[in-house]
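# Fold and geometry: a report
Take a look at the letters that make up each chain.
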Amino acid sequence: MEDKGEGRGRKGEERKKGVDRSKWKVVDTPQDASLWPTLAVTLWLGWMGFLVKGSIWVVFFTSPRTKLVWLGLCTLSLVLPPRFPEPFGRKIVGAWLMTHAERYFGLKTTVEDPDELELCSQTSALIFAKEPHDILPYSVFCFADSINRVLPQKNISALTTGAIFQIPFIKQVYSWVGCSPVDKKTFRRKLERNESFCFVPGGAQEVLMLSDMRGKSSTTKMTTEERRKEEERNNAIPLYLKNRKGFVKMALSTGSPIVPVFAFGLDKSYDYWIPPGLSNVSRKMGFVPVLFTGRFGIPFGIPKPTKIHVVIGRPIMIPKITDDDQPKDDTTSLLSTMIEKYHAIYLEELEALYERHKHDEGYGHRKLIIF
């Protein structure tokens, strides 16, 4: 726990850097993991477990007729549009799921400068770049239009791996709660239409890093300093961002501000085991095959009812760079230079955002490690 002297010193440093806590908009929902919120989260995030266990049961323990019915239902879901049935799916079912998820996770949001976000959103799309990914980046649900606390007058989509939309039933449920595939086509279309969205730039690669960062204990005798470094590494939060620059390039093409976002509590949702050697496989699949257990220790179950706090920083203003802006005889591309510059600013602002809030969330002993 941080002492009062350290807290005062930290706030003094914030004032020097122009951080004004009086502007912060904080909304905190009381946590409630009773029957209805648990049921809603099960219907939203419990489908993976249902499909895995249901498929095993159908294949090995049912009649040929039941197998045929199961195959037919799965095929029908894949053929139907993602938002089927519209508008019932999104406006009724999706809204019900999100309002109960808000209670299940005791969602808390802190928007550091809501006025500036609102001003920016009037002229361009905002790219909310949220970290970390962890096992499931479900904390993006705070941007759902049914509970949107960030830009109440705007619909903000959450862009997730396209693999989700190739899985029966899950593709409909995720569409109902406002998700879309995170591909270049969708990314570009939303920017051109001035439609704000949230996504996780680190992606599934961060899941692979979890097993590399945690749980490795040396059997050899270590010095106090070596043990301290190992403990620090095991407690670190890995972010795979050094080579994630495509979103900055697209932001520059339209002059869309980038907003750093961090979710606290996400890493307490699941226990997990990640098989080794999955880097190439996960890259092709779009997600990492991982065995995880959630509430009640159920494999592929729903997350534990951990409190989630999502902090939204100030927007990073991005200039619009077109081909006409680049000198034809320039050997060093202006665009490449600007990508490097604003990618570095994003990393700096994300780390600063984490540092401002980590002590209040009990993360004071944990560092971000950016790969």
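I will try to describe carefully the structure that is included in this document. (Residues numbered from 1 in each chain as written. Predicted model: local features only at pLDDT ≥ 70, side-chain atom pairs only at ≥ 80, totals over all residues. Heavy atoms only, no water.)

It is worth spelling out helix H6 (residues 114–121) at this point. Those residues of H6 lying buried are Pro 114, Glu 116, Leu 117, Cys 120 and Ser 121. Projected down its long axis, H6 carries its buried residues within an arc of 165°, all on one side. Across H6 from its buried face, at more than 90 degrees, point the exposed residues Asp 115 and Leu 119. On its buried face, H6 sits against strand E1 (25–28), strand E2 (108–111), strand E3 (127–131), strand E8 (258–264) and strand E11 (309–312). (Buried < 20%, exposed > 50% of the residue type's maximum accessible area, 1.4 Å probe, protein only. Helix = DSSP H or I, 4+ residues; strand = E, 2+ residues; numbered from the N terminus. Arc of directions from axis to C-beta. Contact = heavy atoms within 4.5 Å.)

Burial analysis of E8 places seven of its seven residues in the buried class, which makes it a mostly covered element. Here E8 shows no split at all, with Ile 258, Pro 260, Phe 262 and Phe 264 on one side and Val 259, Val 261 and Ala 263 on the other all buried. Bridge count between E3 and E8: five bridges; the pairing is parallel. Opposite Glu 131, over in E8, you have Phe 262 as the bridge partner. Sheet analysis places E8 next to E11, joined by four bridges and oriented antiparallel. Counterpart to Val 261 in the pairing with E11 is Ile 312. (Pairing = 2+ DSSP bridges.)

Spatial ordering of the open sheet is given by E1-E2-E11-E8-E3-E6-E4-E5, a layout of eight strands whose pairing is mixed. Either end of the sheet is taken by a strand with one partner, and the two such strands are E1 and strand E5 (179–181). Going from strand to strand, the sheet's axes swing by 25° on average, the running direction of each strand aside. Two strands pair when backbone bridges link them, and E1 and E2 are joined in this way by four bridges, in the antiparallel orientation. (Axes fitted to C-alpha atoms, helices over the stretch in contact; angles between N-to-C directions.)

Here we take up the state of the cysteines. This model, assessed by the stated rule, comprises zero disulfides. Free of any disulfide, Cys 198 has its nearest cysteine sulfur in Cys 142, 6.6 Å distant. The exposure class of Cys 198 is buried, given its relative accessible area of 0%. (Disulfide = S-S within 2.5 Å.)

A word on the pattern of salt bridges. For the structure shown, the criterion picks out 13 salt bridges. With its nearest N and O atoms 2.5 Å apart, the salt bridge here joins Glu 102 to Arg 149. Residue Glu 102 is found in helix H5 (residues 88–104), and its partner Arg 149 is found in the loop between E3 and strand E4 (157–160); the two are separated by 47 residues along the sequence. Here the two residues Glu 102 and Arg 149 agree in accessibility, since each one is buried. Note that Asp 113 and Arg 314 form a salt bridge whose closest N and O atoms lie 3.5 Å from each other. Residue Asp 113 is located in the loop between E2 and H6, and its partner Arg 314 is located in the loop between E11 and helix H13 (334–357); the two are separated by 201 residues in the primary sequence. Residue classification places Arg 314 among the partly exposed positions, given a relative accessible area of 42%. Among the ionic contacts, a cluster of salt bridges with common partners joins Asp 113, Glu 116 and Arg 314. (Salt bridge = Lys/Arg side-chain N within 4 Å of Asp/Glu carboxyl O.)

Keep in mind that these numbers describe shape and distance, not what the molecule does.
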